[in-house]
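# Close look at the chain arrangement
Residue strings, one per chain:
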Amino acid sequence: MAAEASLLAPAIVIAVLVIRTALGELRHPGSAREEWAFATDRKAAAAGATAAAAINVLGWGQIGVAAVAWALIVGVLTAQLFHRAAPRP
């Protein structure tokens, strides 16, 4: 029961991010591609994977399987922030 309840919050956060992207795409076509461009940026992906691994390792003992969901969210948000902060040519 506790594992199911602890997975509810990350599922809601993921749903909110997907809905936000969909609404942005409806308002401004092409915005989803710009918003998720970090997925093809190797440095951003490495930063996100590092953050996700750290959250997974540190959180596994506390919240178990839910640590994977939270690590996914943290990894994606870290990669997105890292991609936006990178200097552009």
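In this text, all values refer to a predicted model and were calculated from it rather than measured experimentally. (Residues numbered from 1 in each chain as written. Predicted model: local features only at pLDDT ≥ 70, side-chain atom pairs only at ≥ 80, totals over all residues. Heavy atoms only, no water.)

All right, on to the overall build of the protein then. Helix and strand content of the protein: 4 helices and 0 strands. Going from N to C terminus, the protein has its helices and strands arranged as α-α-α-α. C-alpha extents for the protein along the principal axes are approximately 45 × 30 × 15 Å. Out of the 89 residues in the protein, the part that is buried amounts to 28%. In the protein, the proportion of contacts linking residues at least 24 apart, taken out of those at least 6 apart, comes to 58%. (Helix = DSSP H or I, 4+ residues; strand = E, 2+ residues; numbered from the N terminus. Buried < 20%, exposed > 50% of the residue type's maximum accessible area, 1.4 Å probe, protein only. Contact = heavy atoms within 4.5 Å.)

For the structure shown, the criterion picks out 1 salt bridge. Note that Glu35 is salt-bridged to Arg20, the shortest N-O span being 3.5 Å. Of this pair, Glu35 sits in helix H2 (residues 31-35) while Arg20 is found in helix H1 (residues 2-27), placing the two residues 15 residues apart along the sequence. Given a relative accessible area of 16%, Glu35 falls into the buried group. On the basis of relative accessible area, Arg20 is assigned to the partly exposed category, the value being 45%. (Salt bridge = Lys/Arg side-chain N within 4 Å of Asp/Glu carboxyl O.)

Turning our eyes to something else, we now look at helix H3 (residues 42-63). End to end, H3 covers 29 Å across 22 residues, agreeing with the expected 32 Å (1.5 Å per residue, within 8%). The largest bend along H3 reaches roughly 30° and is located at Val57. Taken together, the buried positions of H3 are Ala44, Ala47, Gly48, Ala51, Ala52 and Gly59. You can read the cap of H3 off the contacts: a side-chain oxygen lies 3.3 Å from the backbone nitrogen of Lys43, and it is on Asp41. Immediately beyond the C-terminal end of H3, within one or two residues, lies Gly64, with a positive phi of roughly 65°. (Expected span 1.5 Å × (residues − 1). Bend = angle between axes of the 7 residues up to and from the residue. Polar contact = N/O pair within 3.5 Å; in protein donor to acceptor, adjacent residues only side chain to side chain.)

The subject of this paragraph is helix H4 (residues 66-85). End to end, H4 covers 29 Å across 20 residues, agreeing with the expected 28 Å (1.5 Å per residue, within 8%). Of the residues making up H4, those classed as buried are Ala66, Ala67, Ala69, Ala71, Ile73, Gly75, Ala79, Gln80 and His83.

A complete count under the given rule lists 1 aromatic pair for this structure. When the centroid spacing of 5.2 Å and the interplanar angle of 35° are considered together, the rings of Trp36 and Phe38 count as tilted. (Phe/Tyr/Trp six-rings, centres within 6.5 Å; stacked < 30°, edge-to-face > 60°.)

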